[in-house]
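# A closer look at the structure
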Amino acid sequence: MTSPLANEAAPFGRVLTAMVTPFTREGELDLDDAQKVATYLVDQGSDGLVVSGTTGESPTTTVAEDGQLLAAVLEAVGDRATVVAGVGTNDTRHSVELAEQAKKIGAHGLLLVTPYYSKPPQSGILSHIEEVARAGDDTPVMLYDIPGRTGVTIANETYAKLADHPLVIAMKDALGDLNRGAWLMHETGIKIYSGDDPVNLPWLAMGASGVVSVVSHAAAGAYARMVAAVDAGDLATARSINNQLLPAVKAMMTYTQGAITSKAALQLLGVLEHRTMRSPLLEATDEEVAIVRDGLTASGLL
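Just so it is clear, the structure is predicted and the values come from calculations on it, not from any experiment. (Residues numbered from 1 in each chain as written. Predicted model: local features only at pLDDT ≥ 70, side-chain atom pairs only at ≥ 80, totals over all residues. Heavy atoms only, no water.)

A few words on the UniProt feature "binding site: pyruvate" (unreviewed entry) in the protein. Mapped onto this numbering, the UniProt entry annotates "binding site: pyruvate" (unreviewed entry) at Thr55 and Val212. Annotated residues spanning 158 residues; largest pairwise C-alpha distance 10.9 Å, indicating a single compact cluster. Its location among the elements puts Thr55 in the loop between β2 (48-51) and α2 (63-77). When sequence neighbours within four positions are dropped, the list of residues in contact with Thr55 reads Ala18, Met19, Val20, Thr21, Val214, His217, Ala259 and Ser262. Along the chain, Val212 turns up in strand β8 (residues 210-213). The class of Val212 is buried, set by a relative accessible area of 3%. (UniProt positions renumbered as here; feature names shortened; annotations may be inferred. Helix = DSSP H or I, 4+ residues; strand = E, 2+ residues; numbered from the N terminus. Contact = heavy atoms within 4.5 Å. Buried < 20%, exposed > 50% of the residue type's maximum accessible area, 1.4 Å probe, protein only.)

One way to put it is that α2 packs onto helix α3 (residues 92-105) with a least axis distance of 10 Å and a crossing angle of 30°. The pairing of α2 with α3 is recorded here as roughly parallel in orientation. Relative to α3, α2 is oriented so that their crossing is right-handed. Contacts between α2 and α3 involve Val63, Ala64, Asp66, Gly67, Leu70, Ala71 and Leu74 from the first element and His94, Glu97, Leu98, Gln101, Ala102 and Ile105 from the second. (Axes fitted to C-alpha atoms, helices over the stretch in contact; angles between N-to-C directions. Parallel < 35°, antiparallel > 145°, perpendicular 65-115°, else oblique. Left-handed = near helix turned anticlockwise from the far one by under 90°.)

Proteins that are soluble and globular tend to have nonpolar side chains buried together. By size, the foremost hydrophobic cluster in this structure holds 50 residues, and its most contacted members are Met19, Val73 and Leu143. If sequence neighbours within four positions are ignored, Leu143 has contacts with Leu111, Leu112, Ile129, Ile154, Tyr159, Leu162, Val168, Ala170, Met171 and Lys172. In terms of nonpolar packing, the next biggest core, distinct from the first, is built from 29 residues, Val15, Val215, Ala264 and Val292 among them. (Core = buried A, V, L, I, M, F, W, Y, C linked by side-chain atoms within 4.5 Å.)

Annotation from UniProt places "active site" (unreviewed entry) at Tyr144 and Lys172. Over a stretch of 29 residues, the named residues converge on one spot in the fold, their C-alpha atoms separated by at most 4.7 Å. Inspection of the secondary structure assignment puts Tyr144 in strand β5 (residues 141-145). Residue Tyr144 is classed as buried on the basis of its relative accessible area, which comes to 7%.

A few words now on the environment of Ala265. Along the chain, Ala265 turns up in helix α11 (residues 258-268). Along the primary structure Ala265 and Asn179 are separated by 86 residues, whereas in three dimensions their C-alpha atoms are 33 Å apart. Among all residues touching Ala265, those that are not within four sequence positions of it are Ala218, Met252, Val292 and Leu296.

Our focus in this paragraph is the packing of aromatic side chains. Overall, the coordinates contain one aromatic pair when judged by the stated rule. Residues Phe12 and Tyr193 carry aromatic rings whose centres are separated by 6.2 Å and whose planes lie at 75° to one another, so their mutual orientation is edge-to-face. Of this pair, Phe12 sits in the segment before β1 (15-18) while Tyr193 sits in strand β7 (residues 191-194), and the two are 181 residues apart along the sequence. For the pair formed by Phe12 and Tyr193, the shared burial category is buried. The ring of Tyr144 carries Lys172 above its face, with NZ or CZ at 3.9 Å from the centroid. (Phe/Tyr/Trp six-rings, centres within 6.5 Å; stacked < 30°, edge-to-face > 60°. Lys NZ or Arg CZ within 6 Å of the ring centre and 35° of its normal.)

On to the pattern of salt bridges. With the rule as written, the count across this model stands at ten salt bridges. For Arg80, the salt bridge is made with Asp43, and the minimal N-O distance between the two is 2.8 Å. Of this pair, Arg80 sits in the loop between α2 and β3 (82-86) while Asp43 sits in helix α1 (residues 31-44), and the two are 37 residues apart along the sequence. Take Arg80: its relative accessible area is 35%, and that puts it in the partly exposed class. Ionic pairing is found between Asp137 and Lys103, a salt bridge with its closest N-O pair at 3.9 Å. You can see Asp137 sitting in the loop between α4 (122-135) and β5 and its partner Lys103 sitting in helix α3, a full 34 residues away along the chain. On the basis of relative accessible area, Lys103 is assigned to the partly exposed category, the value being 24%. The network of salt bridges with shared partners includes Lys103, Asp137 and Asp138. (Salt bridge = Lys/Arg side-chain N within 4 Å of Asp/Glu carboxyl O.)

What follows deals with the sheet that holds β8. Reading around the barrel, the eight strands line up as β1-β2-β3-β4-β5-β6-β7-β8 and close back on themselves, with parallel pairing between neighbours. Going across the sheet, the axis of each strand differs from the next one's by a mean of 25°, ignoring polarity. Pairing analysis gives four bridges linking strand β6 (residues 168-173) to β7, with the strands arranged parallel. Along β7, the bridge assignment pairs Met171 with Ile192. (Pairing = 2+ DSSP bridges.)

In structure tokens:
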């Protein structure tokens, strides 16, 4: 299915939220709340959502749950936002199964993280990417390069080999190497999305297509305004917005895992009634909720 927002410069949209997966108090998938969160995020300024990513606690959800979540989010906002399905695992067969399911349900795109823990060689990473992309048929792919979690990165030479792949068109960067990213955009044509909220503005200034954000659970509108300011060449306004968001970014990205703080933020904003997580992640403590509250308040978001 084609995204309603697809274009060459920003094929997945501009402000994508790496969406949490709501659960009931008993820990079961809550599709009603998933649609509520998705609608809220798009209403606030997200023009894209990533479901079943790590912020969506994907290591703890089943294939069936991933499919149910994707279908629910597409039903809620698929006509006005890009919906990207996380399909990356460290088992190519499992990722192929997820990609085939996502294609069947109608995902606008696939997010494919490098295989984690097993540290495959570059030839294995390339084979993994090509096989999963093939399973998604005509669904465009955003790679996810985050060696701090996976233990491996995608080498420049591997990106060069993927340069002419018709479906591998973007990369979510969580390395923060701006010089490398500029080289990749220039030499391979791949589109880059910032995958780390503290460096969203530098990436946008370097020519990134957009952001895949955690803090946008609370700040989607502000990030949309930042993107618009950069597009207009108004870096003074973009810097002002970035400075405004510094307390929220610090509160949500430095004290504990982003999925935990995102659910705390959504509860504080009145979107979620509770902040249930699946083990091994635990819901935010009262102290952590207070940190998030203070950060959002200081940034004018609460």
